Amino acid sequence: MTEKTVLNATHRALGARMVDFGGWDMPISYGSQIEEHHAVRRDAGMFDVSHMTVVDLHGARTREFLRHLVANSVDKLKVQGKALYTCMLNEQGGVIDDLIVYFLGDEFFRLVVNAATRAKDLAWIAQQAKAFHVEVKERPDFAMIAVQGPSARAKVIGLLHEVDRARIEKLGRFAAAAAQGPHGAPLFIARTGYTGEDGFEIMVPEEQAVTFWNELAAAGVAPCGLGARDTLRLEAGMNLYGQDMDDSVSPWEAGLAWTIALDEGRDFIGRKALEAQKAAGAMRTMVGLVLDEKGVLRHGQKVLTDRGEGEILSGSFAPTLNKAVAFARIPSGVSGDVRVDIRGREVPVRVVKFPFVRDGKPCEGI
Amino acid sequence: MSEIPGDLKFLKSHEWARVEDNGLIRVGISDHAQGQLGDLVYVELPEVGSTVQAGNGAAVVESVKAASDIYSPVSGEIVEVNDTLNDKPETINEDAYGDGWIFIVKASDRAELDELLDADAYAELIENEDN
């Protein structure tokens, strides 16, 4: 049985092409996927991300529990409303999921995890939470709409109750706050995203989501599908769980070393494995690839290097760059020419640092 | 969904074939197929002078989403390719049955055309696919 978000009928009425995404019936595009991509880079677009799983954690020992559960350090969260991107690891150091943690109170944190990993995440979190007497409560009563692009914040703020506007205007990056939306809708607004543009990810009670979506559309925010979301996040250098990393891949090999906090004396799940891997030296590394010739880099294509073979993880045509880019996992220490096998043809590619695009513009060297 | 021109014949894999006045066979993909693929970003054309077999891959079209083989509806020799697609692959999205044609084959066995679906049968095929 395919699940539907509360906005399903709205997408269909807009003529969206629907696909199955991790068990959810979701819009891949409403027309041209490339135009939706450009709308986000140049103005403002919105995505229904209600399929993502929101989990609230309550209890006196919640912070202590999170110190144990995730690889980044929740002690970086000092101000109420602040958010942290982190991986949740198994004992082998493999990534169970990547998620965002919000600090909402001394005994209250909120997680947003992936839709496709919902069941295993909830089971894992509940199992680990027992020893800390932390209550784990899913929040299926929220819909979630991501509004992204250079004019996204202004368009959202224009819809808020006057008393909230100045406060949300000042909301810092990777922080969240409550505010009142159109018709009194209680919104949870986070200045986060998955596109490399400024904007908000907004939780709204399900019964008010359709109205809020329509208000955003009337304010000139373009509906965008998961297709554009994928090319935007790839250009922005952001990982996709299941494609760029999974249970068998450690953050060291997934370009996520920056999310690992080996702070003194914190015993988080997977730490021993990560330290052993670090001491041994990572076998593989995640790099960015750019194809300057015609063609498209795709998931699963073989990468040929002087140190052996690697493979393309996420790969796609990048509409902002008008050429193909990819993430690839290749042996460490590659120095010579790198080629990709595209249908039996060996095509030269450039190894680059990602992100490929930030704030609407190609990064240097791309 | 645009009208399917009645003079076209189709493969089940969504390629169309049109017999030109000079007897050559012009080939493209259906409007339904371009809609399924989404924005096209790259077309790998066959070489003029190369030989193709009916039902075998002759070209590749790539959308943002995926790469798809384009099968030749008939066997023969490639006599012309649509070079415009090198710079403007989106022509297929805009006009799948017209300016978005892909290649022209000089057929070695015209009887192969009889194996193809006519426009009505193809319309029925894609209708069933949608349901």
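Residue numbers run consecutively from 1 along every chain, following the written order of its sequence. Starting at A for chains and at 1 for ligands, labels are handed out in the order in which the entities are written. Owing to the predicted nature of the model, reporting of local features is limited to residues with pLDDT of at least 70; listing and counting of side-chain atom pairs is limited to 80 or more, with chain, interface and lining totals taken over all residues.

Here we look at the overall build of chain B
For the record, the criterion: Each helix is a run of H or I in the DSSP string that is no shorter than four residues. Each strand is a run of E no shorter than two, and both are numbered from the N terminus. Note on method: radius of gyration uses C-alpha positions; expected globular size equals 2.2 Å times residues raised to 0.38.
Looking only at helices and strands, chain B has four helices and 10 strands in total. Ordered by position from N to C terminus, the α and β elements of chain B give β-β-β-α-β-β-β-β-β-α-α-β-β-α. On C-alpha atoms alone, chain B measures out to a radius of gyration of 14 Å, which is about the 14 Å that the 2.2 N^0.38 rule sets for 131 residues. Dimensions of chain B along its principal axes, counting C-alpha atoms only, are 35 × 35 × 25 Å.

Side note on the overall build of chain A
The criterion, for reference: Here the C-beta atoms are placed from the backbone, and a residue counts as buried if at least 20 other C-beta atoms lie within 10 Å of its own, exposed if 12 or fewer do, and partly exposed otherwise.
Helices and strands together make up the secondary structure of chain A, namely nine helices and 21 strands. Its C-alpha atoms give chain A a radius of gyration of 21 Å, within 12% of the compact-globule value 21 Å for 366 residues. Judged by the C-alpha coordinates and their principal axes, chain A covers about 60 × 50 × 40 Å. Residues classed as buried in chain A amount to 47% of the 366 residues present.

Focus: the UniProt feature "domain: Lipoyl-binding" (unreviewed entry) in chain B
Let me state the cut-off plainly: UniProt positions are given in the numbering used here, feature names are shortened, and annotations may be inferred rather than shown by experiment.
Look at the UniProt record and you will see "domain: Lipoyl-binding" (unreviewed entry) annotated at residues 24–106 of chain B. The span residues 24–106 of chain B is 18% helix and 41% strand, and its two end C-alpha atoms sit 5 Å from each other.

Focus on the sheet that holds strand β15 (residues 302–305) of chain A
Residue and element names in this part refer to chain A. For clarity, the cut-off: By this definition, two strands are paired if DSSP reports at least two bridges between them. Structural elements are reduced to axes, namely lines fitted to C-alpha atoms, with helices fitted over the stretch in contact, and the angle between N-to-C directions of any two is expressed from 0 to 180 degrees. Note on contacts: each residue gets a C-beta atom placed from the backbone, and two residues are in contact if those atoms are within 7 Å.
Strands sit in the order β14-β17-β16-β15-β18-β19 around a closed barrel of six strands; the barrel is antiparallel. Across the sheet, the axes of successive neighbouring strands diverge by a mean angle of 40°, strand direction being ignored. Across six bridges, the pairing between strand β16 (residues 308–318) and strand β17 (residues 323–331) is antiparallel. Counterpart to glycine 315 in the pairing with β17 is alanine 326. Lying on the sheet, helix α8 (residues 226–235) is in contact with β16 and β17; it crosses β16 at an angle near 125°.

Thoughts on the packing of helix α2 (residues 33–42) of chain A against α8(A)
Residue and element names in this part refer to chain A. Counted only if it meets this: Any angle from 65 to 115 degrees is called roughly perpendicular, while one under 35 is roughly parallel, one over 145 is roughly antiparallel, and all others are oblique. Handedness of each helix crossing follows the sense of rotation of the near helix against the far helix: counterclockwise by less than a right angle gives left-handed, clockwise gives right-handed. Basically, the charged four are Asp, Glu, Lys and Arg, the nonpolar ten are Ala, Val, Leu, Ile, Met, Phe, Trp, Tyr, Cys and Pro, and anything else, Gly included, counts as polar.
Taken N-terminus to C-terminus, the directions of α2 and α8 make an angle of 55°; their axes are 8 Å apart at the nearest point. Classed by the angle they form, the pair α2 and α8 counts as oblique. In this structure, α2 crosses over α8, and the sense of that crossing is right-handed. Contacts between α2 and α8 involve Gln33, Glu36, His37 and Val40 from the first element and Gly227, Ala228, Thr231 and Leu232 from the second. When the residues that make up the contact of α2 with α8 are grouped by side-chain class, the tally is three nonpolar, four polar and one charged.

Some thoughts on the nonpolar core
Generally speaking, a soluble globular protein has its nonpolar side chains buried in company with each other. All names here are of chain A. What counts here: In these notes, a nonpolar core means any group of buried Ala, Val, Leu, Ile, Met, Phe, Trp, Tyr and Cys residues linked to one another through C-beta atoms within 7 Å. All the domain ranges listed were derived from an automatic or database domain assignment.
Counting residues in each nonpolar core, the largest one holds 139 residues, and the members touching the most others are Val101, Ile145, Val147, Ile202, Val204 and Leu289. Examining the composition of this core, we find that seven residues originate from one element, strand β6 (residues 95–105), more than from any other. Shared between two domains, this core holds at least three residues of each, these being domain 1 (1–280) and domain 2 (283–366). Every residue in contact with valine 101, bar those within four places of it in the chain, is listed here: Leu66, Val70, Val74, Ala83, Leu84, Thr86, Phe109 and Leu111.

What about the UniProt feature "modified residue: N6-lipoyllysine" (unreviewed entry) in chain B?
In the UniProt entry, the feature "modified residue: N6-lipoyllysine" (unreviewed entry) is given for B:Lys65. As for its placement among the helices and strands, B:Lys65 is situated in the loop between β6 (57–63) and β7 (67–71). Exposure remark for B:Lys65: the 23 C-beta atoms within 10 Å place this residue in the buried category. In contact with B:Lys65, not counting residues within four places along its chain, are A:Gly227, B:Leu37 and B:Gly38.

Concerning the sheet that holds strand β3 (residues 25–29) of chain B
Residue and element names in this part refer to chain B. If you walk across this open sheet you meet the seven strands as β5-β8-β9-β3-β2-β1-β10, and the pairing is antiparallel. What marks the edges here is a single partner per strand, and that holds for β5 (51–52) and β10 (117–118). Taken together, the three bridges between β3 and strand β9 (residues 103–107) define a ladder with antiparallel strand orientation. When the sheet's bridge partners are listed, valine 27 is paired in β9 with phenylalanine 103.

Overview of the environment of A:His51
Residue and element names in this part refer to chain A. For histidine 51, the position within the fold is in the loop between β3 (45–48) and β4 (53–58). Looking at histidine 51, the number of C-beta atoms within 10 Å reads 21, which means it is buried. Distance in space between the C-alpha atoms of histidine 51 and threonine 5 is 6.3 Å, their sequence separation being 46 residues. Discounting residues that sit within four places of it in the chain, histidine 51 has contacts with Thr5, Trp24, Met26 and Ala115.

Here we look at the pairing of β9(B)
All names here are of chain B. Burial within β9 is extensive, with four of its five residues counted as buried. Both strand β8 (residues 76–81) and β9 contribute to a ladder of five bridges, which runs antiparallel. Counterpart to glycine 76 in the pairing with β9 is alanine 107.

Here we look at the domain arrangement of chain A
Residue and element names in this part refer to chain A. By domain assignment, chain A separates into domain 1 (1–280) and domain 2 (283–366). Each of domain 1 and domain 2 was reduced to a C-alpha centroid, and the two centroids are 27 Å apart. Residue-level contacts link 20 residues of domain 1 with 20 residues of domain 2. When residues of the side of domain 1 that touches domain 2 are traced back to their parent elements, those giving at least two are α2 and α8. Element by element, the count of residues in the side of domain 1 that touches domain 2 is highest for α2, at five residues. Residue composition of the side of domain 1 that touches domain 2, grouped by class: six nonpolar, seven polar and seven charged.

Brief notes about helix α7 (residues 206–218) of chain A
Convention followed: Here the expected span of a helix is defined as 1.5 Å times the quantity of residues minus one.
Compared with an ideal rise of 1.5 Å per residue, which puts 13 residues at 18 Å, α7(A) spans 19 Å between its outermost C-alpha atoms and is within 8% of the ideal. A:Gly220, located one to two residues past α7(A), shows a positive phi value of around 95°.

Overview of the interface of chain B and chain A
Contact with chain B, which involves eight residues of that partner, is made by 12 residues of chain A. Its residues assigned to classes, the side of chain B that touches chain A shows four nonpolar, one polar and three charged.

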